[in-house]
Amino acid sequence: MKLTNLIPIKAGKTLSRLCIIGALSLGSSFVFAQNQQVRLSGSNLTLKAAFKQIEQQTKLFVDYNTQDVNDSRVIKKVPAGNNVKNVLEQLLEGTNCSITFSNGHVIISRKTPASSETKKVTGVVKDEKGEPIIGANVVERGTTNGTVTDLNGQYSLDISPSAVLLVSYIGYDTKEIKVDGKNVLNISLAENTENLDEIVVIGYGTSRKRDIVSAMSTVKGSTISAASTSNVQDALQGKVAGLDIQSARYAGDDQQIYIRGARSLNAGNNPLIIVDGIPGSLGSVNTYDIESIEVLKDAASSAIYGSMGANGVILVTTKRGKKGVNREVNFNSYIGLNVPHMMPLQSGEEYVQFRRDGYRYAHGWDTPFADEDVFTQSELDMIRNGNYTDWQDLLYRNALTQSYHLSISNSGEKTRLLLSFKYDKEQGYYKTNDAENYNLTLTADHDLADFWTLGTTVRLKRNNISGFQKLNNEILYMTPLSDPYLENGDLNYFPNPLNTSGYNPLADNVPGQFADDAQSNLLNLNLTSHIKINKWLSMHTNFGYIFSDYKRGYFYGKDSYKGKGVKTNSGKEYNNYDQWTLNHIITYDNSFGDHNLVVDLVGEMQSRRYDKGTLSGDNQPVEYTSYHNLGSNTENIKIGSSFENWALASVLGRLRYNYKNKYYFKF
């Protein structure tokens, strides 16, 4: 098998995802490997595509970590034909990455500079007319280290001395600047007329990029789908300045998102998620169905959503069937491994010597002693046998992850269809943790007349998550001299002879002792109508309905990690909600010579109903029934429920005016 593209997942430990995309070949010698000739070709070639060409032309496999190497970056100047070492050095110039050839693999890793090697660079970003650009992204190439310019176009960033800065802003060409040890870098960006006229989604409408004057970032769907992950949050990592995403804790985790940090200590900090004009969630959309994502980061851009947009707004536009497409079929898949990078702990020999030194320190360095004075009999047996315990290796695993996506689109004279299905299965790094996702999407658009288009979207999702366990301090009590199993092969529940309060963290791996299964089902229905009344007046209507059903069952046996040999604990949780949203948007868009005026009038109604229940108890007499016989619990029985119902009606307006595409007014 061919191993390539190490992709990290943060979840308390750093994980790397090795995407398996080919067949294993034997490596050549070190000298031959780096002198193999390669010639890259193609326009708008990404770093990832370049690595693939190198693999195809040589006997080498390119391994890297996507947080060290931004493989979606488009190569501005394709290196001329040369040996693979020189070509890679040109591709990675300014990224502060090192290249290592080993056993037929090219390993690309980021040089981690010491704190003394970092430096602060400051400057001002301006346009061609010398005006400061507010909210421009300034990022150290190949990393997620970045910032945005302030009201005066100024920025300040700590980087490595050899770094290359990527400076970008909507409607302008991205610019790469070599630092070359400089402390001050003033940058001028050139307008990109083609990009300026591109239409992007804003709150309750669309706009040309040139007309956007607030802090907003756009991520294309091609960038999202290029990331080898089933999670939209993971795909957004490092793509938007000011967007902070919580590390995943387990397979299937729904990660927290912050836009420009947390704004409240007590209230929620979640941004408002709008999917195709209707409030929704990122988890409801599969990565291959996304056309674009717009992130509204400041008060000016999100003001139209009122208090609901106080934490920022993320607008998701999904793909639809296109005119002129005749039976197009697309298939995407990947298979990979989640490989945990363990903390460097003491080996068995190092721990034994540590205990000996501790004894000498306590009793005098020159006092004679024997191992029998330091260790228990069971520990002495392990020392003689050299059979030390690696607890991290027992708890964690190299976990398989796989994803398959199939889409079919077709169009006729007046009708356009798109059908999309995606299946993901991911093992967690804990041996008891697994996640599984099913996504089915159907979109249809029909032109009733030249001025009237109707559309519908049906989105179904099922998510299964099982077996995530949270370990407490007991794992700290386990040493290389703690034998996890008895001589007969049974689990040793208190393996540390020096601390009998430390319960074996492998207890949940015993069949029948631990279960924690959750399932969520989601139905999302959108209906749209767009009427072009005349060339400057249009009306758009959205209706969205969401139904969500969630249920969880858990069981901890008497000998489980939580039970600790005392008693069982089991329970169930359920919640479901349904929500509907209806909005009407009337847009007036007209130009009078050098003047352009856009007026949006919006009326919206929302309603949501939420129901929740919990049941739990202890000391279940028959463990075999797991969480399916809660009525047999005899102790600490708890029953709880809650209900919530709210409705919202709002009317709002927005006025946008510009003069000569130079002076802008928004109200």
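Residues numbered from 1 in each chain as written. Predicted model: local features only at pLDDT ≥ 70, side-chain atom pairs only at ≥ 80, totals over all residues. Heavy atoms only, no water.

**A short note on the side chain of Asp424**
Tracing the backbone shows Asp424 in strand E26 (residues 415-427). Overall, the relative accessible area of 4% leaves Asp424 in the buried class. Only 2.6 Å separates the side chain of Asp424 from the side chain of Ser403, close enough to count as a polar contact. If we skip the residues at most four places from it in the chain, Asp424 touches Ser230, Gln402, Ser403, Ala435, Glu436 and Asn437. (Helix = DSSP H or I, 4+ residues; strand = E, 2+ residues; numbered from the N terminus. Buried < 20%, exposed > 50% of the residue type's maximum accessible area, 1.4 Å probe, protein only. Polar contact = N/O pair within 3.5 Å; in protein donor to acceptor, adjacent residues only side chain to side chain. Contact = heavy atoms within 4.5 Å.)

**What to know about the sheet that holds strand E22 (residues 290-296)**
Judged by pairing direction, the sheet is mixed, and its five strands sit side by side in the order E17-E22-E23-E20-E21 without closing on themselves. Looking at strand neighbours, the two that pair on one side only are strand E17 (216-220) and strand E21 (278-279), the edges of this open sheet. As judged from the five bridges shared by E17 and E22, these two strands associate in the antiparallel manner. The residue of E22 that forms the bridge with Ser217 is Val295. (Pairing = 2+ DSSP bridges.)

**Topic: the sheet that holds strand E4 (residues 61-64)**
Read across the open sheet, the three strands follow the order E4-E7-E6; overall the sheet is mixed. Both outer strands of the open sheet, E4 and strand E6 (97-102), are each paired with one neighbouring strand and no more. Looking at each pair of strands side by side, their axes are set apart by 20° on average, direction ignored. Seen against the sheet, helix H2 (residues 47-57) touches E4 and strand E7 (105-110) and runs at an angle of roughly 145° to E4. Lying on the sheet, helix H3 (residues 84-91) is in contact with E6 and E7; it crosses E6 at an angle near 155°. (Axes fitted to C-alpha atoms, helices over the stretch in contact; angles between N-to-C directions.)

**A look at empty space enclosed by the protein**
Tallying each qualifying case throughout the model produces one cavity of 30 Å³ or more. When its volume is computed, the largest cavity comes out at roughly 30 Å³. If you go around the largest cavity, the residues you meet are Tyr204, Leu272, Ile274, Gly277, Pro279, Tyr305, Met308, Glu604 and Gln606. Going through the elements one at a time, strand E20 (272-275) and strand E32 (595-618) are the ones with two or more residues in the lining of the largest cavity. A class-by-class count of the residues in the lining of the largest cavity yields six nonpolar, two polar and one charged. (1 Å grid on protein atoms, 1.4 Å probe; cavity = no way out; pocket = protein on both sides within 12 Å on 5 of 7 lines; lining within 4 Å. Points joined across faces, edges and corners; volume = space filled by probe spheres on them. Nonpolar A, V, L, I, M, F, W, Y, C, P; charged D, E, K, R; others polar.)

These values are about where atoms sit, not about what they do.
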